[in-house]
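Structural overview for review
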Amino acid sequence: MGVTIARLPKLFTRRGSEVELLSGGEMIMRALKEEGVKIIFGYPGGAVLHIYDALYQQDAVEHILVRHEQAAVHAADGFARSTGEVGVSLVTSGPGATNAITGIATAYMDSIPLVVISGNVPSHLMGTDAFQETDMIGCCRPIVKHSFLVRSIAEIPSVMKKAFHIAKSGRPGPVVVDVPKDMTAPTEKRPFVYPETVKMRSYTPALKGHAGQIRKALDLLLEAKRPVIYAGGGVVLGNAAKELTAIAKRLGYPVTNTLMGLGAFPGSDDQFIGMLGMHGFYEANQAMHQADVIFAVGARFDDRVTNNPKKFCPNARIVHIDIDPASIQKTVQHIEVPLVGPVGPVLADMVEMLNQMAVEPDQNALSAWWETINGWREKHGLWTGDRFIRRDKIMPQDVIRTLYEVTKGEAFVCSDVGQHQMFAAQYYKYDQPRRWINSGGLGTMGFGLPAAMGVQLAHPDSPVAVVTGEGSIQMCIEELSTCTQYNMPVKIINLNNAALGMVKQWQDMQYGGRYAGSTYADSLPDFVKLAEAYGHVGMIVTDPSELKEKMEECFAMKDRVVFMDIYIDPDEHVYPMQIPTGSMKDMILSKTEPSN
Amino acid sequence: MRHIISVLMENEPGALSRVVGLFSQRGYNIESLTVAPTEDVTLSRLTVTTIGDDTVIEQITKQLNKLIDVVKLVDLTDGEHIERELMLIKIKAIGAQRTEVKRTCDIFRGQIVDVTPAMYTVQLTGTSDKLDAFIDAIGASAILEVVRSGVSGIARGERVLSV
Ligand SMILES: Cc1ncc(C[n+]2csc(CCOP(=O)(O)OP(=O)(O)O)c2C)c(N)n1
Ligand SMILES: [Mg+2]
């Protein structure tokens, strides 16, 4: 039954102002506007046509039409990672929703705030195996922070408000709002009042740390003779890089970052001892293993960091700050001071309390510790000495170093997954948070290019590089077309080793060099022609001597997408590498230094 | 160790599947599960019995608390508590067996709630151990059908789980 606004009596709120009547589709668009959303990424289909029609008739929110729903979610994710705001995507029911799943899982694993709106079949058809019906709430259950199925038009404003609140507060994460088509019909209008606040009795994330625990944490930190600050993605997500840097500087302790935490502490600072973990820096992993006190901040003791948790840092007494209580003592059990709270406020409180205390770290012990660390750094550090000089082939490490030089360390680096990702984590120094954008938790090949689109839209004047491999880039390469449509001049740095390099590395190391399903050299596309087909610039680089010049040329083309197809040494492995099942310090240093 | 975790959660569609999904997704074990609305229709009370060492139980309670629909929870086994389970059991009862079954039933303070010339249906409440003991006493060959409610529990004394 259709009703028009004119025929309905006017409605008023308690405060006497007039209430608008909106369709569900209009409500969704208005809610986005109320949340300050300027850009959404989506792909239409039958179940969301009403929403698209409402989108067409407003101008607060711009829609970016991607070429695959996976990219709609990755792009929203890149937008969110680079800005700290909630990313939004809109997809249709059935295949649209299932295509979004990889993107949602990627965001979930890295705690990225997203609101994903999926259409569904009309309510009366749900559960009947209707055309393009998928139980989206069921499909996404294990990979969302929360999800909502809209059951009445009237609840749309409060559902949207809650969705945004849940996505961005506490430990952030993706929230799915599944909307049956009849909930958005243009003929069905309901009063629209967007709630100003949310209150949920079942969801109250901590806003501050416990003062007693903070005190205990400081006492322990000040006792340290061989301390390490181990900072993770939580510092980036919690916008606490400034606070982390302040306390690290105040204490003078070495800082290591996880893959997700790169940029949380300035990468070019002397106090930074590199990334830790599976492909972490020698000095970082040694320091962790030898530490007597570890200060874990917004990190989750992931298996790619700890190696065998049973052998993890046997002598360390550990302070662990995390917004998520479930992250504390999940894998590593000996946490002496757990501290639940948002990292920023907790660290700020710590610095303040520290300033009131008359105690200072043990400077003698600390300088001896730094001497040891600097010794490790001199011996096996990735940035000390020139370890990868080969003149006949382009070394992937040099590509990243050149990228760092050419972009003066100021680019947003969006990575795909594989060896190139590890090189980009090791050889680009991230001095600021939110500059290093990668799928750390899920390790999703295909993430880089669409994520870079979101980053570029959020930062139109900044250089945005996609560090990728010829394997990963082919997983969302269709987005080169989206780049054309919306002028997103990302620079694609393709580390072409003509193989699924990371897989091949493991096959070299553990499977006697039997390259099962990891090579395809004869069937790779001509990436230059491919880029040109989409209207972009393509470049081939094969000679080490022309690398820098070509890369400068690439970044000089500020308003063009440039695809640099760089032929690197196909046999290079990523080192250092932890020895599986060993402790943190057990590492292979190179092909010729099997273990230390 | 066996734990009884009592959960108050929003009485929302999908809430139960999130709890059950969490257990299967993370490989936690569910011995029994009961759920029903409370006196406040917006809340459901769920009781789950599970087995795990302290680290596992700690993770279970933390992960449950993390679910947006979960309002509050308590591990009843942390303190004094009362647990009850209801069982309905159909038992073969012919000839001499009839008095034997009746006597066993009396010993366990069960009630015969349905009778035919060939069987009794017995209702029994108590701890899970007591129900197990009754099943043992009757013996597998006499049992026709068993249905158990799963455990419900509540803390002893004045401690209450409420919002
Ligand atoms: C979607 C997806 N499928 C499979 C994998 C497993 N995987 C990890 S790295 C890798 C190889 C990546 O190849 P490429 O992009 O060329 O990067 P390279 O390692 O050669 O630098 C594969 C297949 C993955 N991470 N993601
Ligand atoms: Mg490759």
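Small disclaimer: the values here were computed from a predicted structure and weren't measured.

Focus on the overall build of chain A
Secondary structure summary: chain A contains 20 helices and 23 strands in total. Over its C-alpha atoms chain A spans a radius of gyration of 25 Å, differing by no more than 12% from the 25 Å that the globule rule assigns to 596 residues. C-alpha extents for chain A along the principal axes are approximately 80 × 65 × 40 Å. Among the 596 residues that make up chain A, the fraction classed as buried is 59%.

Observations regarding the domain arrangement of chain B
Residues and elements named next belong to chain B. Segmentation of chain B into domains returns domain 1 (2-79) and domain 2 (82-152). Centre-to-centre separation of domain 1 and domain 2, based on C-alpha positions: 29 Å. Between domain 1 and domain 2, the contact holds 7 residues from the first and 6 residues from the second. Of the roughly 450 Å² buried at the junction of domain 1 and domain 2 (both faces included), carbon and sulfur atoms supply 53%. Where domain 1 meets domain 2, there are 1 salt bridge. With a shortest N-O distance of 2.9 Å, glutamate 83 and arginine 2 are connected by a salt bridge. Across the domain 1-domain 2 interface, the total number found is 4 residue pairs in polar contact (both at pLDDT 80 or more). Looking at the side of domain 1 that touches domain 2, the elements with two or more residues in it are strand S1 (2-10), strand S2 (32-37) and strand S3 (43-51). By residue number, the principal contributor to the side of domain 1 that touches domain 2 is S2, which donates 3 residues. In terms of residue class, the side of domain 1 that touches domain 2 is made up of 2 nonpolar, 4 polar and 1 charged.

Let's talk about the sheet that holds strand S12 (residues 272-275) of chain A
All names here are of chain A. With parallel pairing, the 6 strands of this open sheet are ordered in space as S12-S11-S10-S13-S14-S15. Looking along the sheet, the strands with just one partner apiece sit at the ends: S12 and strand S15 (335-340). Strand-to-strand twist across the sheet, computed as the mean angle between neighbouring axes with direction ignored, equals 15 degrees. Bridge analysis of strand S10 (residues 227-231) against strand S11 (residues 255-257) gives 3 bridges, and the strand direction is parallel. Across the sheet, alanine 231 pairs through a bridge with asparagine 257, a residue of S11. Helix H7 (residues 211-223) rests against strand S13 (293-297), strand S14 (317-322) and S15 of the sheet, and its axis sits at about 140 degrees to S15.

Quick word on the environment of asparagine 438 of chain A
All names here are of chain A. Its place among the elements puts asparagine 438 in the loop between strand S17 (436-437) and helix H16 (448-458). Overall, the relative accessible area of 1% leaves asparagine 438 in the buried class. Taking the C-alpha atoms as reference points, asparagine 438 and cysteine 414, 24 residues apart in sequence, are found 5.8 Å from one another. Not counting the four nearest positions on each side in its chain, asparagine 438 is found in contact with Arg81, Asp110, Leu259, Met260, Ser415, Gln421 and Phe447.

Some thoughts on the domain arrangement of chain A
Residue and element names in this part refer to chain A. For chain A, the assigned domains are domain 1 (5-192), domain 2 (211-380) and domain 3 (396-574). Spacing between the C-alpha centres of domain 1 and domain 2 amounts to 39 Å. Taken together, the 7 residues of domain 1 in the interface contact 6 residues of domain 2. With both sides pooled, the region where domain 1 packs onto domain 2 buries about 590 Å², and carbon together with sulfur makes up 60% of that total. Among the residues of domain 1 in contact with domain 2, Met109, Asp110 and Arg171 are the three that bury the most area, contributing 61% of the side total. Notably, a salt bridge pairs aspartate 324 with arginine 171, separated by 2.7 Å at the nearest N-O pair.

Structural notes on the sheet that holds S1 of chain B
Residue and element names in this part refer to chain B. In space, the 4 strands of this open sheet follow the order S2-S3-S1-S4, with antiparallel pairing throughout. A single partner strand is all that each edge strand has here, and the edge strands are S2 and strand S4 (70-75). Going from strand to strand, the sheet's axes swing by 15 degrees on average, the running direction of each strand aside. Pairing between S1 and S3: 9 bridges, direction antiparallel. Bridged to serine 6 within S3 is threonine 47.

A look at the site of ligand 1
All names here are of chain A. Neighbouring ligand 1 are 18 residues; Gln419, Gly443, Ser472, Asn497 and Gly501 lie closest to it. Methionine 445 places a main-chain nitrogen or oxygen 3.4 Å from a nitrogen atom of ligand 1. In this structure, methionine 502 approaches ligand 1 through a main-chain N or O atom, which is 2.9 Å from an oxygen atom. Summarising the interface, the protein chains cover 76% of the accessible area of ligand 1, which totals 590 Å² for the free molecule. Secondary-structure elements contributing two or more residues to the shell around ligand 1 are helix H15 (419-427) and helix H18 (501-510). Here the shell around ligand 1 takes 3 residues from H18, the largest share from any one element.

Cut-off values and rules
- Residues numbered from 1 in each chain as written.
- Chains lettered and ligands numbered in written order.
- Predicted model: local features only at pLDDT ≥ 70, side-chain atom pairs only at ≥ 80, totals over all residues.
- Heavy atoms only, no water.
- Helix = DSSP H or I, 4+ residues; strand = E, 2+ residues; numbered from the N terminus.
- Rg over C-alpha atoms; globule rule 2.2 N^0.38 Å.
- Buried < 20%, exposed > 50% of the residue type's maximum accessible area, 1.4 Å probe, protein only.
- Domains from an automatic or database assignment.
- Contact = heavy atoms within 4.5 Å.
- Buried area = accessible area lost by both parts, 1.4 Å probe.
- Salt bridge = Lys/Arg side-chain N within 4 Å of Asp/Glu carboxyl O.
- Polar contact = N/O pair within 3.5 Å; in protein donor to acceptor, adjacent residues only side chain to side chain.
- Nonpolar A, V, L, I, M, F, W, Y, C, P; charged D, E, K, R; others polar.
- Pairing = 2+ DSSP bridges.
- Axes fitted to C-alpha atoms, helices over the stretch in contact; angles between N-to-C directions.
- Near = heavy atom within 4 Å.
- Areas by Shrake-Rupley, 256 points an atom, 1.4 Å probe, with all protein chains shown as cover.

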